[in-house]
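Report on the structure
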Amino acid sequence: MSRAAVFVYGVVCYLIFFGTFLYAIGFIGNIAVPKSMDSGADGPLLEAVIVDAALLGFFAVQHSIMARQWFKRGLTRLIPHAAERSTYVLMSSLLLLLLFWQWRPIGGVIWNVQNETARILLHAMYAFGWATVLTSTFLINHFDLFGLRQVYLNLRGKEYTPLPFRTPGPYNYVRHPLYVGWLFAFWSTPTMTAAHLVFAIATTAYILLAIQFEERDLVRFHGELYRDYKKRVPMLVPHVTAGRQPGSRGQVLRNRV
């Protein structure tokens, strides 16, 4: 592939991702999309559970395996190094679109908040979750995380250099603010259906598992620097005393899973 073709490929992958991201907001929140988590007629319970579990499983397996270094080494024997991250982003987006398309409603309501103030608060928490996700990506370099920096540097004939390790803003209080945002988005709803609960439990379990693999890679890449960060800063729930120590520098962090 020419450098220009790799660049165009990366841009297309990013646009597919961003459209998928926007649709996910409507899908999970049942807002202004033709097919949402709870839309459509309920089918056989067992079939719905199996299909939904399989869709979640496909995404989790792809998302984790393609983030591992051994897979990246194999993939870059087949495609340019600059296109590796874009390919990861593309495959993740396509599997999410498959999930949106084939997701089965299960039926049944776990909770339904009636108080108007509480409903507004839950909607605000939902919006906060998505805002936290997007903001966190920009704090650690949104364009590197989704492959655009790689294809742009390749287009200019420059060698890719990994980002340094730093902990801007919320990364001083929790190690994974991006995942905190996802958890807010998955659980903050005034009406929790059975299908939504299955989705929230499965994705929460995946996040907790994925963090273990991700942090193992981060320790391998950054050694004592990340071990020290891990000792000082909690994983998902901030401590009152957590944060940047007086006189310390912000360090660089990139979530890859």
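Before going into details, it helps to say that this report is about the structure given with it. All values derive from a computational prediction rather than experimental measurement. (Residues numbered from 1 in each chain as written. Predicted model: local features only at pLDDT ≥ 70, side-chain atom pairs only at ≥ 80, totals over all residues. Heavy atoms only, no water.)

This part takes up the overall build of the chain. Along its length, the chain carries ten helices and two strands. Secondary structure elements of the chain, listed N to C terminal, follow the sequence α-α-α-α-β-α-α-α-α-β-α-α. In terms of C-alpha radius of gyration, the chain reaches 19 Å, essentially the compact-globule figure of 18 Å for 257 residues. Buried residues in the chain amount to 45% of all 257 residues. Restricting to contacts in the chain with at least 6 residues of sequence separation, those with at least 24 account for 80%. (Helix = DSSP H or I, 4+ residues; strand = E, 2+ residues; numbered from the N terminus. Rg over C-alpha atoms; globule rule 2.2 N^0.38 Å. Buried < 20%, exposed > 50% of the residue type's maximum accessible area, 1.4 Å probe, protein only. Contact = heavy atoms within 4.5 Å.)

The buried fraction of helix H8 (residues 177-187) is high, at eight of eleven residues. For H8, the set of buried residues is Pro177, Leu178, Tyr179, Val180, Gly181, Leu183, Ala185 and Phe186. In this structure, the buried residues of H8 make contact with helix H1 (3-29), helix H5 (116-139), helix H6 (142-145), strand E2 (191-193) and helix H9 (194-222).

Turning next to the nonpolar core. Counting 51 residues, the largest nonpolar core has Phe27, Ile28, Leu99, Trp103, Trp130, Phe186 and Phe199 as its most contacted members. Contributing elements (two or more residues each) for this core: H1, helix H2 (45-65), helix H4 (84-102), H5, helix H7 (148-155), H8, H9 and helix H10 (224-232). Look past the residues within four positions of Ile28 in its chain and what remains in contact with it is Met37, Tyr126, Trp130, Ala185, Phe186, His196 and Phe199. (Core = buried A, V, L, I, M, F, W, Y, C linked by side-chain atoms within 4.5 Å.)

Moving on to a nonpolar patch on the surface. A cluster of nonpolar side chains, namely Ile110, Trp111, Trp187 and Ile201, defines an oily patch on the protein surface of about 360 Å² accessible area. Checked against the element boundaries, Trp187 lands in helix H8. (Patch = residues over 30% accessible without salt bridge, like charges linked within 9 Å, V, L, I, M, F, W, Y side chains within 5 Å. Areas by Shrake-Rupley, 256 points an atom, 1.4 Å probe, with all protein chains shown as cover. Salt bridge = Lys/Arg side-chain N within 4 Å of Asp/Glu carboxyl O.)

For H4, with 19 residues, the first-to-last C-alpha span of 27 Å sits near the 27 Å given by 1.5 Å per residue. Of the residues making up H4, those classed as buried are Glu84, Arg85, Ser86, Thr87, Tyr88, Val89, Leu90, Ser92, Ser93, Leu95, Leu99 and Phe100. Buried-residue contacts for H4 involve H1, H2, helix H3 (69-75), H6, H7 and H9. (Expected span 1.5 Å × (residues − 1).)

Let us look at the environment of Ala67. Tracing the backbone through its elements, the reader meets Ala67 in the loop between H2 and H3. The class of Ala67 is buried, set by a relative accessible area of 2%. Along the primary structure Ala67 and Pro238 are separated by 171 residues, whereas in three dimensions their C-alpha atoms are 26 Å apart.

Another aspect to go through is unusual backbone geometry. Backbone geometry places Ala32, a non-glycine residue, at a positive phi of 55 degrees. Position of Ala32 relative to the elements: it lies in the loop between H1 and H2. Judged by its relative accessible area of 83%, Ala32 falls in the exposed class. Although it is not a glycine, Asn141 sits at a positive phi angle of roughly 90 degrees. By the element assignment, Asn141 lies in the loop between H5 and H6. Among the residues examined, Asn141 registers a relative accessible area of 24% and is labelled partly exposed.

Turning to the packing of H2 against H4, a few remarks are in order. At a minimum axis separation of 10 Å, H2 and H4 run at an interaxial angle of 175 degrees. Taken as axis vectors, H2 and H4 run roughly antiparallel relative to one another. Contact residues: Val51, Leu55, Leu56, Phe58, Phe59, Gln62 and His63 in H2; Tyr88, Met91, Ser92, Leu95, Leu96, Leu98, Leu99 and Gln102 in H4. Per-class residue counts for the contact of H2 with H4 are eleven nonpolar, four polar and no charged. (Axes fitted to C-alpha atoms, helices over the stretch in contact; angles between N-to-C directions. Parallel < 35°, antiparallel > 145°, perpendicular 65-115°, else oblique. Nonpolar A, V, L, I, M, F, W, Y, C, P; charged D, E, K, R; others polar.)

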